[in-house]
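If you want the building blocks of each chain, they are given just below.
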Amino acid sequence: MSAPRLRIRAIELYERPVRFVKPFRFGAVTVEAAPQAFVRALIEVEGKGEAWGATAEMMMPKWFDKRPDRSPADTVDGLRRSLVEAREAYLADSRLDTAFGHHAAFSPTMEPKLAAAFGPAQIDKAVLDGLLRVLNLNAFQGLGANVAGLDARLAPDLGGFDLDGFLRGLSPLGEVELRHTVGLLDKPDDLAEHAHLRWFKIKLGGDVSADVARLTELATVLETAVPGYRATLDGNEQYRDADHVAELLDRIDASPALAGFRKALAYLEQPIAREAALARPLGAVAERVPVIIDESDDGYDAFPQARVLGYRGVSSKSCKGLYKAMLNRARCAAWGPPHFISAEDLTCQAGLSVQQDTALVAFLGIPHAERNGHQYGGGFGSEAEGAAFLDAHPGFYERDADGTVRLATGSGRLAAAPLSGLGYAHSAEPDWSGLSPLSNPTSALSEGVHP
């Protein structure tokens, strides 16, 4: 089917605070609370009717914008500004166009680019949700049929690639394996509680000696409790350059205690600060371990640039844009091995966020995904909201011992079937009455974030 044209009639922005159940330290920041953004968009599809779509995403401090002169509150305000800027631009565009056409017509003006992309990324998800509802399709049907009208105008390197055929030929996975996040404050002994999982993502701090000592502790637990485990490392931009990364690999390779871990290591995620990551080739590091970009993935040209420098992969995150993830997945198919796309998580919370991102991961055929929202976040906003999502998506959620509705992680996998209702992966709605309008971008962040 050809991609239908639509107009965006209204966009509503909300937020609510999320208090973490335990501190989450990544890079140089520890987060104990952060606001979650919610977006509703009313779209009118040419000749077919109108519908509201919705999405949600955490506004994580000091990740999208790590400039040292910006406070955690400043960086969250930047994400609010990105949402407001995108709303104004999308609503000012009264043309009939495809969903992707509306996205491609918007050019963010703020810096840094990663933060600037947050607003349109959320509005795009809400628009897609509304479009799928008008067309009476679920996420897997609609993405496969390219109802958004995805094309190569923002990725000219794919100019000769058959995107429609590629999307049509994808076989969505029936389940996505969980990858457990090990934050910098998480205790090694706690890993024994997760012996039912196979994949683990370990955060690095940028101090080679401290990182190697901690990896040794973690590997000791994993090799006893989880035989056959696999692991990824996340540098969160804490390493200076490729030589600094090589020093880490040298120390790992020289340690008999880490021989098993070295074999289990699948890839290394964004070890070098974004200001330097794409300035120089990885050199010999690229031959020792596959390295992917994450924070450097701030535009449609980032992955091709990184590839030339020796990077072999890129992360998929809905907070960075679903269309970019889809085009990067197409690039992996066009370029062939060893290029790949991974599925990472910036605390996707229960409800719209984790469901839509998991559906995208399943559609793209990424076999395992970091899912850390259930580890650190507070879950749903109310008991009634949790019950509604549990009833609408049986098998994706479960009640824990105290009756709280949480992600069903006991099998080590998340089933995609519960996400196959009409629209973009959700058949229940957040408690809209319990949300606050998006704060003015000059407002201060609530307590809970410490550099």
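These notes cover the structure that comes with them. (Residues numbered from 1 in each chain as written. Predicted model: local features only at pLDDT ≥ 70, side-chain atom pairs only at ≥ 80, totals over all residues. Heavy atoms only, no water.)

### With respect to the pairing of strand β3 (residues 49–58)
Within a regular strand, the side chains alternate between the two sheet faces. Put simply, the rule reads: Burial status follows relative accessibility: with a 1.4 Å probe on protein chains alone, a residue under 20% of its type maximum counts as buried, one over 50% as exposed, and anything between as partly exposed. We count a stretch as a helix when DSSP gives it H or I for four or more residues in a row; a strand needs E for two or more, and each element gets its number in order from the N terminus. Any two strands are treated as partners once DSSP identifies two or more bridges connecting them.
Of all the 10 residues making up β3, 7 are buried; the element is thus mostly covered by neighbouring parts of the structure. Here strand β2 (residues 29–45) runs beside β3; their pairing, made up of 10 bridges, is antiparallel. Looking across to β3, one finds that Phe38 is bridged to Ala56. Taken together, β2 and the strand that follows it, β3, pair antiparallel across an intervening segment of 3 residues, in which Gly47 is found at a positive phi of about 75°.

### Focus: the packing of aromatic side chains
Two descriptors summarise a pair of aromatic rings, namely the distance from one centre to the other and the angle between the planes of the rings. Our working definition: Only rings of Phe, Tyr and Trp enter the pairing, Trp through its six-membered ring, and a pair is recorded when the two centres are within 6.5 Å. The plane angle decides the type: under 30 degrees is stacked, over 60 is edge-to-face, the rest tilted. We call a charge positioned above a ring when the Lys NZ or Arg CZ atom is no farther than 6 Å from the ring centre and deviates by at most 35 degrees from the ring normal.
Under the defined criterion, the tally for this structure stands at 14 aromatic pairs. Seen from their ring centres, Phe64 and Phe118 are 5.3 Å apart, and the 75° between their planes marks the pair as edge-to-face. Here Phe64, found in the loop between β3 and α1 (72–92), pairs with Phe118, found in helix α4 (residues 118–135); they are 54 residues apart in sequence, far enough to count as distant. Note on accessibility: Phe64 and Phe118 belong to one class, buried. An aromatic cluster is built from Phe380, Phe389, Phe396 and Tyr397, whose rings are joined through pairwise contacts. In this structure, Arg40 packs its charged tip against the face of Trp52, placed 4.2 Å from the ring centre. One Lys or Arg, Arg40, reaches over the ring of Trp432 and ends 5.2 Å from the middle of that ring.

### Let's talk about the side chain of Asp345
To keep things clear, this is the line we draw: Polar contact is defined as a pair of N or O atoms within 3.5 Å, subject to the rule that within protein one atom must be able to donate a hydrogen and the other to accept it, and that residues adjacent in sequence are counted only when both atoms are side-chain atoms. In what follows, a contact means two residues having at least one pair of non-hydrogen atoms within 4.5 Å.
As for its position among the elements, Asp345 is in the loop between β10 (340–343) and α14 (352–364). Within polar-contact distance, the side chain of Asp345 engages the backbone nitrogen of Cys348 at 2.6 Å. Only 2.7 Å separates the side chain of Asp345 from the backbone nitrogen of Asn372, close enough to count as a polar contact. If sequence neighbours within four positions are ignored, Asp345 has contacts with Lys317, Glu370, Arg371, Asn372 and Gly373.

### Points about the nonpolar core
Selection rule: We define a nonpolar core as any set of buried Ala, Val, Leu, Ile, Met, Phe, Trp, Tyr and Cys residues linked to one another through side-chain atoms lying within 4.5 Å.
Counting 149 residues, the largest nonpolar core has Phe261, Met326 and Tyr397 as the members making the most contacts within it. Residue contacts for Phe261: discarding those within four places in its chain leaves Ile202, Leu215, Ala219, Glu223, Tyr229, Ala231 and Leu233.

### Points about helix α16 (residues 383–392)
Taken as a whole, α16 has its buried residues at Glu385, Gly386, Ala387, Phe389 and Leu390. In this structure, the buried residues of α16 make contact with β1 (6–26), α14, β12 (397–399) and β13 (405–407).

### Brief notes about the pairing of strand β7 (residues 265–269)
β7 sits mainly inside the fold: 5 of its 5 residues count as buried. Pairing geometry for strand β6 (residues 230–234) and β7, over 4 bridges, is parallel. Looking at β7, one finds that Leu233 is bridged to Leu268. Summarising the sheet, β7 and strand β8 (residues 291–293) pair through 2 bridges and their orientation is parallel. Paired with Leu268 across the two strands is Val291, which belongs to β8.

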